[in-house]
Amino acid sequence: GADSITTWAGPASLREFKDILGEHDAQDALDKILGTKVYDFHYKSGRGTQDRETQYVGVVADEAPWAMHYAGGVVNPINALGYTVLGFQAMEKEIEDLRRELVELSKRR
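Notes on the structure follow. What you are looking at is a predicted structure, and each value in this text was computed from that prediction instead of being measured.

Focus: the overall build of the protein
Assigned secondary structure in the protein consists of two helices and four strands. Ordering the α and β elements of the protein from the N terminus gives α-β-β-β-β-α. Among the 109 residues that make up the protein, the fraction classed as buried is 15%.

Printed below as a string of structure tokens:
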């Protein structure tokens, strides 16, 4: 329906339009991303994009509720981007921790 059609103009709204609840934990987001299976698939006839030719690569809604909205059936681009950014932040922290550990190990030699 029309309520499930969105553009980036809507989700890209300014802070003044949002009730901020707090920051989300980056490690939690990375754990959810890493625990989500990604599949190659075609949509069934008359379903999804109704494009039977394109092979898609994506998640299944009921296996990735963190990335969905509209009762869990439609990808939520805001969450998908937010979790992606958080995943990169968590990986950067892990990389920095490993770098510090390597520096400490090299000092002991």
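Thoughts on unusual backbone geometry
Of note in this structure, Q50 is not a glycine but carries a positive phi near 65 degrees. Looking at Q50, the relative accessible area reads 61%, which means it is exposed.

Considerations on helix α1 (residues 26-34)
Residues of α1 that are buried include every one of A26, A29 and L30, and no others. Angularly, the buried residues of α1 cover 100 degrees about the axis, an arc narrow enough to put them on a single face. If you follow the buried residues of α1, they end up packed against α2 (77-107). Measuring from the backbone nitrogen of Q27 back to the side-chain oxygen at the start of α1 gives 3.4 Å, which picks out D25 as the cap.

A look at the packing of aromatic side chains
In this description, a pair of aromatic rings is defined by centroid distance and the angle of the planes. On inspection of all chains with the given rule, the structure shows four aromatic pairs. When the centroid spacing of 5.2 Å and the interplanar angle of 85 degrees are considered together, the rings of F41 and Y43 count as edge-to-face. Its relative accessible area of 23% is what places F41 among the partly exposed residues. A relative accessible area of 27% places Y43 in the partly exposed class. Pairing F41 with Y56 gives two aromatic rings, centres 5.6 Å apart and planes at 20 degrees, and the pair type is stacked. Separated by 15 residues along the polypeptide, F41 in strand β1 (residues 39-41) and Y56 in strand β2 (residues 56-58) bring together distant segments of the chain. When its relative accessible area of 21% is taken as the criterion, Y56 is described as partly exposed. A network of ring pairs unites the aromatic residues F41, Y43 and Y56 as a single cluster.

Let's talk about a nonpolar patch on the surface
Among the surface-exposed residues, V38, V57 and V59 lie close enough to one another that they form a single nonpolar patch of about 260 Å² accessible area. Looking at the secondary structure, you find V59 in the loop between β2 and β3 (68-69). Using a relative accessible area of 31% as the deciding quantity, one classes V59 as partly exposed.

So, the side chain of T36
With respect to the helices, strands and loops of the structure, T36 is situated in the loop between α1 and β1. Engagement of the side chain of T36 in a polar contact is seen with the side chain of W66, the distance being 3.2 Å.

What counts and what doesn't
- Residues numbered from 1 in each chain as written.
- Predicted model: local features only at pLDDT ≥ 70, side-chain atom pairs only at ≥ 80, totals over all residues.
- Heavy atoms only, no water.
- Helix = DSSP H or I, 4+ residues; strand = E, 2+ residues; numbered from the N terminus.
- Buried < 20%, exposed > 50% of the residue type's maximum accessible area, 1.4 Å probe, protein only.
- Arc of directions from axis to C-beta.
- Contact = heavy atoms within 4.5 Å.
- Polar contact = N/O pair within 3.5 Å; in protein donor to acceptor, adjacent residues only side chain to side chain.
- Phe/Tyr/Trp six-rings, centres within 6.5 Å; stacked < 30°, edge-to-face > 60°.
- Patch = residues over 30% accessible without salt bridge, like charges linked within 9 Å, V, L, I, M, F, W, Y side chains within 5 Å.
- Areas by Shrake-Rupley, 256 points an atom, 1.4 Å probe, with all protein chains shown as cover.
- Salt bridge = Lys/Arg side-chain N within 4 Å of Asp/Glu carboxyl O.

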